Amino acid sequence: MEGRQALAARDAFDIVVIGGGINGCGIARDASGRGLSVLLVEQGDLASGTSSASTKLIHGGLRYLEQFEFRLVREALTERERLLAAAPHIIWPLRFVLPHDRGIRPAWMVRLGLFLYDHIAPRKRLPGCETIRFRQHPYGQPLKGSFKIGFAYSDCWVQDSRLVALAARDAEERGAEICVRTRFIGAQRQGDGWTVTLEDAGSPTATGGTRQVRARVLVNAAGPWVAEVLRSRLGIESTKNVRLIKGSHIVVPRLYQGEQAYILQNADRRIVFTIPYERDFTLIGTTDIAYDEEPHRIAISDAETRYLCDSVSHCFRVPVEPKDLVWSYAGVRPLFDDGSLKASVVTRDYVFDLEAAGGAPPALSVFGGKITTFRRLAEHAMDELARFFPGMKPAWTETAPLPGGDIAGGDFEAFIAALRRRKPFLDPELARRLARAYGTRVEAIIGKANRIEDLGRDFGRGLTAAEIDYLVDQEWARTADDILWRRSKLGLHLPQGVASEIDAYLEGRRRSGAEQRVSAREHSTNGLTDRQAATGRGSSA
Ligand SMILES: Cc1cc2nc3c(=O)[nH]c(=O)nc-3n(C[C@H](O)[C@H](O)[C@H](O)COP(=O)(O)OP(=O)(O)OC[C@H]3O[C@@H](n4cnc5c(N)ncnc54)[C@H](O)[C@@H]3O)c2cc1C
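Residues numbered from 1 in each chain as written. Predicted model: local features only at pLDDT ≥ 70, side-chain atom pairs only at ≥ 80, totals over all residues. Heavy atoms only, no water.

Topic: the overall build of the protein chain
In terms of regular secondary structure, the protein chain is built from 16 helices and 18 strands. Taken along its principal axes, the extent of the C-alpha atoms in the protein chain is 65 × 65 × 45 Å. Here the protein chain, with 541 residues, has 59% of them falling under the buried criterion. Relative to all contacts within the protein chain whose residues are 6 or more apart in sequence, the contacts with residues 24 or more apart total 71%. (Helix = DSSP H or I, 4+ residues; strand = E, 2+ residues; numbered from the N terminus. Buried < 20%, exposed > 50% of the residue type's maximum accessible area, 1.4 Å probe, protein only. Contact = heavy atoms within 4.5 Å.)

See the structure below:
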């Protein structure tokens with residue numbers, strides 16, 4: 001199994017975390033930074049569940065004010081500022097335009113909501129809301145003439161699946177072991193801990209083997225599978241239930257100029273975002289519908305595609321049709337079931353279920369949560385577990401940067417300018433993409449290169465062998481899909497055939513073996529850079 005080396009190194013842990021989504025990785029990061037020994041297991045790739053299928057906003061959730069979720073909105077808005085400071089490479093401000101439709105919500109209600117949104121939590125770096133007269137403002141350009149006024153406010157954008165990988169990276173650097181393609185099969189309470197069974201799950205080198213480890217505490221952060229893990233794999237009957245709510249997105253060629261997003265109101269009171277995406281595209285979503293099937297098989301339905309196209313076509317001058325789609329994705333929110341009848345109003349707040357009756361070894365299950373609140377959720381989870389680890393260090397993540405996020409003053413544009421001065425061979429588009437994805441860690445990819453050829457083979461759009469090596473060695477990428485759709489969104493820009501070329505390259509890497517690469521790196525000579533020597537590539541590869 002991919003994680004076998006790590007597991008072999010240690011077979012007893014303070015905490016075993018099940019699930020490599022944002023919540024599992026956030027908890028693993030927080031716990032390992034407090035000095036606990038942590039093993040995280042993920043059955044697929046990191047962020048292969050809900051955490052790569054979100055709308056990708058670090059936001060308070062304007063619409064949750066309507067549901068009186070003040071605690072959640074305040075916490076999320078507070079986190080928005082903290083996360084922007086912790087990861088200014090993968091998180092950045094975004095201006096949202098809300099066209100006013102008085103048939104859906106009166107203007108006073110929207111103004112009141114936006115006033116609260118601006119003031120309910122500290123806001124240092126983002127501009128507040130304003131009223132827009134569309135006839136005089138470029139924001140009105142894509143909209144139909146019937147929309148006369150609207151409102152603009154701020155939130156943030158996040159590369160969601162990269163956030164997960166960075167949390168996992170940080171966890172590992174603080175001592176955690178991260179095992180991808182490793183399924184949690186089950187666990188039994190024995191003595192003062194759990195005996196946990198894990199299985200090799202679908203890595204390209206999968207053997208189907210199993211391993212056992214010991215854990216003092218189990219954390220069930222399996223997202224949409226939280227109830228399955230709790231009931232079927234741990235045999236625990238909980239009073240808490242998960243409510244699966246499906247949300248889908250479509251991607252179309254860019255609909256309008258400008259970097260602003262739109263938040264469109266629909267007659268059924270749901271909202272749909274249109275967001276500039278990956279330079280050439282517009283992301284449109286989401287839907288919010290009840291879901292009761294196996295979370296693995298999720299895909300957008302024709303009805304959802306139609307709904308999203310109609311929503312945009314109702315507001316924009318140029319209609320969007322299903323034939324315009326270049327990509328779509330769907331995910332399920334693993335929400336805490338609060339008994340609401342409508343899918344769109346089920347609470348987005350998180351709830352823990354701590355099972356430790358009669359002094360039995362504890363299992364903590366996570367229900368709900370948002371990408372935005374992952375850091376705080378992890379801190380709260382550790383508060384819940386503090387009594388089982390009396391020597392544990394205090395909370396530490398509030399001001400800690402995520403890997404690559406230690407950019408001086410959080411000034412991303414200055415960071416790119418300095419990068420381009422240092423590495424003038426990077427074209428502007430590639431420099432920006434690498435800086436956005438890796439922040440200060442970009443040095444680990446391009447550090448010793450003096451010309452683009454030093455980065456090895458280019459698979460297209462500047463995805464070089466050096467970058468792939470980094471993603472495998474440092475971010476647990478194992479397949480072309482991991483690289484093209486989760487560590488990056490290069491899958492949108494590159495022709496389909498590239499995936500098999502990347503898979504062949506990864507296979508070659510595996511065959512040549514890790515030890516050989518390490519020893520080649522140590523003995524690099526003959527005028528090759530370390531990286532070329534490490535991967536056996538010459539400069540013209
Ligand atoms: C359509 C949509 C839009 C959203 N938009 C936003 C947004 O804009 N902003 C925001 O803040 N939040 C948003 N969210 C919410 C957010 O995406 C989720 O709350 C969050 O990603 C949940 O993370 P998680 O770690 O709990 O679950 P997941 O990301 O699903 O992770 C759980 C992991 O557990 C693994 N697992 C399951 N069983 C096992 C097992 N037996 N062994 C090993 N591993 C296992 C799975 O493979 C999975 O990777 C959105 C959600 C959806 C669906």
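From this point, things continue past the structure.
As for unusual backbone geometry
Of note, the bond from glycine 285 into threonine 286 is cis; its omega dihedral lies within 30 degrees of zero at 15 degrees. When you line up the elements, threonine 286 lands in the loop between strand 14 (281-285) and strand 15 (289-290). The backbone phi angle of arginine 279 is positive, close to 65 degrees, even though this residue is not glycine. Residue placement: arginine 279 occurs in the loop between strand 13 (271-277) and strand 14. Here arginine 279 falls in the partly exposed class, since its relative accessible area comes to 49%. At aspartate 288, a residue that is not glycine, the phi angle is positive and equals roughly 70 degrees. Topologically, aspartate 288 is positioned in the loop between strand 14 and strand 15. Overall, the relative accessible area of 5% leaves aspartate 288 in the buried class.

So, the packing of helix 13 (residues 480-487) against helix 14 (residues 498-512)
Each pair of packed helices can be summarised by the angle the axes make with each other and by the distance between the axes. Interaxial distance between helix 13 and helix 14 falls to 8 Å at its minimum, and their mutual angle equals 125 degrees. Compared by their axis directions, helix 13 and helix 14 come out oblique. Contacts between helix 13 and helix 14 involve Ala480, Ile483 and Leu484 on the former and, on the latter, Ala499, Ile502, Asp503 and Leu506. Residues belonging to the contact of helix 13 with helix 14 are distributed by class as follows: six nonpolar, no polar and one charged. (Axes fitted to C-alpha atoms, helices over the stretch in contact; angles between N-to-C directions. Parallel < 35°, antiparallel > 145°, perpendicular 65-115°, else oblique. Nonpolar A, V, L, I, M, F, W, Y, C, P; charged D, E, K, R; others polar.)

Side note on the pattern of salt bridges
Tallying each qualifying case throughout the model produces 53 salt bridges. One salt bridge in this structure joins arginine 375 and glutamate 79, with 2.8 Å as the shortest N-O distance. Taken together, the residues arginine 375 in helix 8 (residues 374-385) and glutamate 79 in helix 3 (residues 70-86) connect sequence positions 296 residues apart. Two residues, glutamate 321 and arginine 306, come together in a salt bridge whose shortest N-O distance is 3.9 Å. You can see glutamate 321 sitting in the loop between helix 7 (302-315) and strand 16 (327-336) and its partner arginine 306 sitting in helix 7, a full 15 residues away along the chain. (Salt bridge = Lys/Arg side-chain N within 4 Å of Asp/Glu carboxyl O.)

Some words on helix 4 (residues 107-119)
Its 13 residues place the ends of helix 4 18 Å apart at the C-alpha level, agreeing with the 18 Å of an ideal helix rising 1.5 Å per residue. What helix 4 keeps buried is the set Ala107, Val110, Gly113, Leu114, Tyr117 and Asp118. Along helix 4, the residues classed as buried sweep out an arc of 135 degrees about the axis, all on the same side. Elements that come into contact with the buried residues of helix 4 comprise helix 3, strand 4 (91-99) and strand 6 (149-158). (Expected span 1.5 Å × (residues − 1). Arc of directions from axis to C-beta.)

Concerning the site of the ligand
Neighbouring residues of the ligand: 38 residues in total, closest Glu42, Ser51, Leu57, Gly369 and Thr372. Isoleucine 22 is positioned with one of its backbone polar atoms (N or O) 3.2 Å from an oxygen atom of the ligand. One nitrogen or oxygen atom from the side chain of glutamate 42 is found 2.7 Å from an oxygen atom belonging to the ligand. Computed on the free molecule, the ligand has an accessible area of 1,000 Å², of which 99% lies beneath the protein chains in the complex. A class-by-class count of the residues in the shell around the ligand yields 12 nonpolar, 20 polar and six charged. (Near = heavy atom within 4 Å. Polar contact = N/O pair within 3.5 Å; in protein donor to acceptor, adjacent residues only side chain to side chain. Areas by Shrake-Rupley, 256 points an atom, 1.4 Å probe, with all protein chains shown as cover.)

Looking at the nonpolar core
Judged by nonpolar contacts, the single largest core of 51 residues is most densely connected at Ile15, Val17, Ile27, Ile91 and Leu385. Beyond its immediate chain neighbours, meaning those up to four positions away, valine 17 contacts Gly24, Ile27, Ala28, Val38, Leu39, Leu40, Val41, Val219 and Ala221. Of all hydrophobic cores here, the second largest spans 35 residues; its members include Leu426, Leu430, Ala435 and Leu455. (Core = buried A, V, L, I, M, F, W, Y, C linked by side-chain atoms within 4.5 Å.)

Describing the environment of tryptophan 194
With respect to the helices, strands and loops of the structure, tryptophan 194 is situated in strand 9 (residues 193-200). Each C-alpha atom of the pair tryptophan 194 and proline 362 lies 8.7 Å from the other, and the pair is 168 residues apart in sequence. Within the structure, tryptophan 194 has its side chain in polar contact with the backbone oxygen of proline 362 (distance 2.9 Å).

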